[in-house]
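So the chains spell out like this:
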Amino acid sequence: MAYQEYTELEVWKTARAFAAHIYKLTAAFPKEETYGLTSQIRRCAVSVPSNIAEGSGRQHPKETIQFLAIARGSLYELETQLYVSFDIGFISEIQLSECLMQIEALGKLINGYIRYLNKE
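Residues numbered from 1 in each chain as written. Predicted model: local features only at pLDDT ≥ 70, side-chain atom pairs only at ≥ 80, totals over all residues. Heavy atoms only, no water.

A. Just the overall build of the protein, in detail. Each helix and strand counted, the protein has four helices and zero strands in total. In sequence order, the protein lays out its α and β elements as α-α-α-α. Over its C-alpha atoms the protein spans a radius of gyration of 15 Å, differing by no more than 12% from the 14 Å that the globule rule assigns to 120 residues. Counting only C-alpha atoms, the protein reaches 45 × 25 × 20 Å along its principal axes. Within the span of the protein, comprising 120 residues, buried residues form 39% of the whole. Sequence-distant contacts, at least 24 apart, represent 73% of the contacts inside the protein between residues at least 6 apart. Put simply, the protein shows about 6,900 Å² of open surface, and 52% of that area lies on carbon and sulfur atoms. Computing the positive centroid from 12 side-chain charges and the negative centroid from 14, the protein places the two 5 Å apart. (Helix = DSSP H or I, 4+ residues; strand = E, 2+ residues; numbered from the N terminus. Rg over C-alpha atoms; globule rule 2.2 N^0.38 Å. Buried < 20%, exposed > 50% of the residue type's maximum accessible area, 1.4 Å probe, protein only. Contact = heavy atoms within 4.5 Å. Areas by Shrake-Rupley, 256 points an atom, 1.4 Å probe, with all protein chains shown as cover. Lys, Arg positive; Asp, Glu negative; His and termini not counted. Charge placed at Lys NZ, Arg CZ, Asp CG, Glu CD.)

B. Molecular detail of the nonpolar core. Ile22, Ile52, Leu82 and Ile110 are the most contacted members of the largest nonpolar core, which totals 32 residues. Listing elements by their share of this core, those giving two or more residues are helix 1 (10-26), helix 2 (37-58), helix 3 (61-87) and helix 4 (93-119). Broken down by element, the residue count for this core peaks at nine residues, all from helix 4. Excluding anything up to four places from it in sequence, Ile110 contacts Val11, Val48, Ile52, Leu68, Ala71, Arg72 and Leu75. (Core = buried A, V, L, I, M, F, W, Y, C linked by side-chain atoms within 4.5 Å.)

C. Structural view of helix 2. With 22 residues, helix 2 should cover 32 Å at 1.5 Å per step; its first-to-last C-alpha distance of 31 Å lies within 8% of that length. The largest bend in helix 2 is about 30°, located at Ser47, with the proline Pro49 one to four residues further on. Just downstream of helix 2, Gln59 is the residue with a positive phi angle, here 55°. (Expected span 1.5 Å × (residues − 1). Bend = angle between axes of the 7 residues up to and from the residue.)

D. Seen up close, the packing of aromatic side chains. In total, this model carries three aromatic pairs according to the counting rule given. Centre to centre, the rings of Tyr113 and Tyr116 are 6.3 Å apart; their planes meet at 15°, and the pair counts as stacked. Remark: Tyr116 and Tyr113 occur in helix 4; sequence separation between them is three residues, near one turn of the helix. With relative accessibility at 46%, the residue Tyr116 sits in the partly exposed group. (Phe/Tyr/Trp six-rings, centres within 6.5 Å; stacked < 30°, edge-to-face > 60°.)

E. Up close: the confidence of the model for the protein. The predicted model of the protein has a mean per-residue pLDDT of 95, with 98% of residues at 70 or higher. No element of the protein has a lower mean pLDDT than helix 2, at 96, and none a higher one than helix 1, at 98. (pLDDT = per-residue confidence, 0-100.)

F. Spotlight on the environment of Ala45. Tracing the chain through its elements places Ala45 in helix 2. Judged by its relative accessible area of 2%, Ala45 is buried. For the pair Ala45 and Ile22, spaced 23 residues apart in the sequence, the C-alpha separation amounts to 6.8 Å. Not counting chain neighbours up to four residues away, the residues in contact with Ala45 comprise Ala19, Ile22 and Leu78.

G. Inspection of the pattern of salt bridges at higher detail. All told, the structure shown has three salt bridges when counted by the stated rule. Of the charged contacts in the structure, one is a salt bridge between Arg58 and Glu63, with a shortest N-O distance of 3.6 Å. Exposure remark for Glu63: the relative accessible area of 31% places this residue in the partly exposed category. Connected through shared salt-bridge partners, Glu54, Arg58 and Glu63 make up one network. (Salt bridge = Lys/Arg side-chain N within 4 Å of Asp/Glu carboxyl O.)

Laid out in structure tokens, this is it:
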């Protein structure tokens, strides 16, 4: 596998931008949720680009794929937490829909990168 800086990967750039979006979205959550759902959502959002970066640093396709799978798992966990946020009225249906579209796009990028690495 030809080494590529993780900061050059489209999947990492997209995950990083989405994490920033999630931080802004959760800024409006009730203050009593700071150490609850807000913290959990933010940790998941940051976990996605962090695991992409860590996997890229391994410089071995099988290890990179393992970390991409962890990133994908964090993305699905985040999706669930956003549904709960909607269910309890912290985010609107429009905000949820926008996030779900971004999650779907990011999931496709992660899966595409995994497919690419499996061909190596």
